[in-house]
Amino acid sequence: MALLALVLLCLGYAPIAATELWPYAHPGAPAIGQWLLAHTVSQRYVSAAFADRIGPTATA
C-alpha cells in the first residue's frame, strides 16, 4: 500500500517538476508549480516571513 502511494505521488509530481524548466527555455510557457504555489500560499505569509527573517547585510 505504501509503495502504491509513493508511485502515485511520484507520477502526480512528475508533470509539475518537468514544467518548472520550460519557462527558462521558452518564456511564456506554462509553469504549473508556480501557479499551484501562487494559489495555495498566502502572499501575506510570505511577506511576513521575509520581513521577520531577512535583515540588512552588514558590510565588513
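Residues numbered from 1 in each chain as written. Predicted model: local features only at pLDDT ≥ 70, side-chain atom pairs only at ≥ 80, totals over all residues. Heavy atoms only, no water.

Caption draft 1: Just the overall build of the chain, in detail. Within the chain, the secondary structure is distributed over four helices and zero strands. Along the chain, helices (α) and strands (β) appear in the sequence α-α-α-α when read from the amino end. Within the span of the chain, comprising 60 residues, buried residues form 7% of the whole. Total accessible area on the chain stands at roughly 5,500 Å², and carbon and sulfur atoms take up 71% of it. (Helix = DSSP H or I, 4+ residues; strand = E, 2+ residues; numbered from the N terminus. Buried < 20%, exposed > 50% of the residue type's maximum accessible area, 1.4 Å probe, protein only. Areas by Shrake-Rupley, 256 points an atom, 1.4 Å probe, with all protein chains shown as cover.)

Caption draft 2: Structural view of a nonpolar patch on the surface. Taken together, the side chains of Met1, Leu3, Leu4, Leu6, Val7, Leu8, Leu9 and Leu11 make up a nonpolar region of the molecular surface, amounting to roughly 910 Å² of accessible area. Residue placement: Leu11 occurs in helix α1 (residues 2–19). Take Leu11: its relative accessible area is 59%, and that puts it in the exposed class. (Patch = residues over 30% accessible without salt bridge, like charges linked within 9 Å, V, L, I, M, F, W, Y side chains within 5 Å. Salt bridge = Lys/Arg side-chain N within 4 Å of Asp/Glu carboxyl O.)

Caption draft 3: Structural context of the confidence of the model for the chain. The share of residues in the chain with pLDDT of 70 or more is 88%, and the mean pLDDT across the chain is 81. Element-level mean pLDDT values for the chain span from 77 in helix α4 (residues 43–53) up to 89 in α1. (pLDDT = per-residue confidence, 0-100.)

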